[in-house]
Amino acid sequence: MSKTIELQIEKSRNLIGGLRKHLSNGVGGGVTTSEIDEMERQLTALQAANEECDRLRAELSPKVKQMNQILATVKAAYATQKRTVKGYYPQEQWADYGVPDKR
């Protein structure tokens, strides 16, 4: 859970608790029970969405790491093969092998 969301959830819980406590004492201060209930529903939805995001991040992280490893391998192979083409063939033939740059 990100620190920002965690902090907002905690602050919202405290506010809801305080509002409910004062509503039960008869002092509402212009806040209705339905407004507090709606805020609680929104807070529950935020928690659920955040949990889903955390789960997806946990699944995605290893896959991104694996992709980056494969990318490094592909880049190294590309560089090696490009050097080979540049070393064995004249500059005029580089484009035939998919090597667009010039010396």
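Since the structure is predicted, the reported quantities are computational estimates derived from the model, not experimental observations. (Residues numbered from 1 in each chain as written. Predicted model: local features only at pLDDT ≥ 70, side-chain atom pairs only at ≥ 80, totals over all residues. Heavy atoms only, no water.)

Caption draft 1: The overall build of the protein, seen in detail. The helix and strand tally for the protein stands at two helices and zero strands. For 103 residues, the compact-globule estimate of 2.2 N^0.38 gives 13 Å, and the C-alpha radius of gyration of the protein, at 29 Å, exceeds that figure by more than 25%. Across the 103 residues in the protein, those meeting the buried criterion constitute 11%. Looking at the protein alone, contacts between residues at least 24 apart form 32% of all its contacts between residues at least 6 apart. Total accessible area on the protein is roughly 8,200 Å²; 58% of this is exposed by carbon and sulfur atoms. Distance from the positive charge centre (16 side chains) to the negative charge centre (13 side chains) of the protein: 10 Å. (Helix = DSSP H or I, 4+ residues; strand = E, 2+ residues; numbered from the N terminus. Rg over C-alpha atoms; globule rule 2.2 N^0.38 Å. Buried < 20%, exposed > 50% of the residue type's maximum accessible area, 1.4 Å probe, protein only. Contact = heavy atoms within 4.5 Å. Areas by Shrake-Rupley, 256 points an atom, 1.4 Å probe, with all protein chains shown as cover. Lys, Arg positive; Asp, Glu negative; His and termini not counted. Charge placed at Lys NZ, Arg CZ, Asp CG, Glu CD.)

Caption draft 2: Spatial organisation of helix α1 (residues 3–24). The terminal C-alpha atoms of α1, which comprises 22 residues, lie 32 Å apart, in line with the 32 Å expected from a rise of 1.5 Å per residue. Turning to α1, its buried residues number three or more, namely Ile-9, Ser-12 and Ile-16. Projected down its long axis, α1 carries its buried residues within an arc of 70°, all on one side. The outward face of α1, more than 90 degrees from its buried face, is lined by the exposed residues Lys-3, Thr-4, Leu-7, Asn-14 and Lys-21. (Expected span 1.5 Å × (residues − 1). Arc of directions from axis to C-beta.)

Caption draft 3: Main features of the side chain of Ser-12. With respect to the secondary-structure elements, Ser-12 resides in helix α1. Residues in contact with Ser-12, not counting those within four places in the same chain, are Met-39 and Leu-43.

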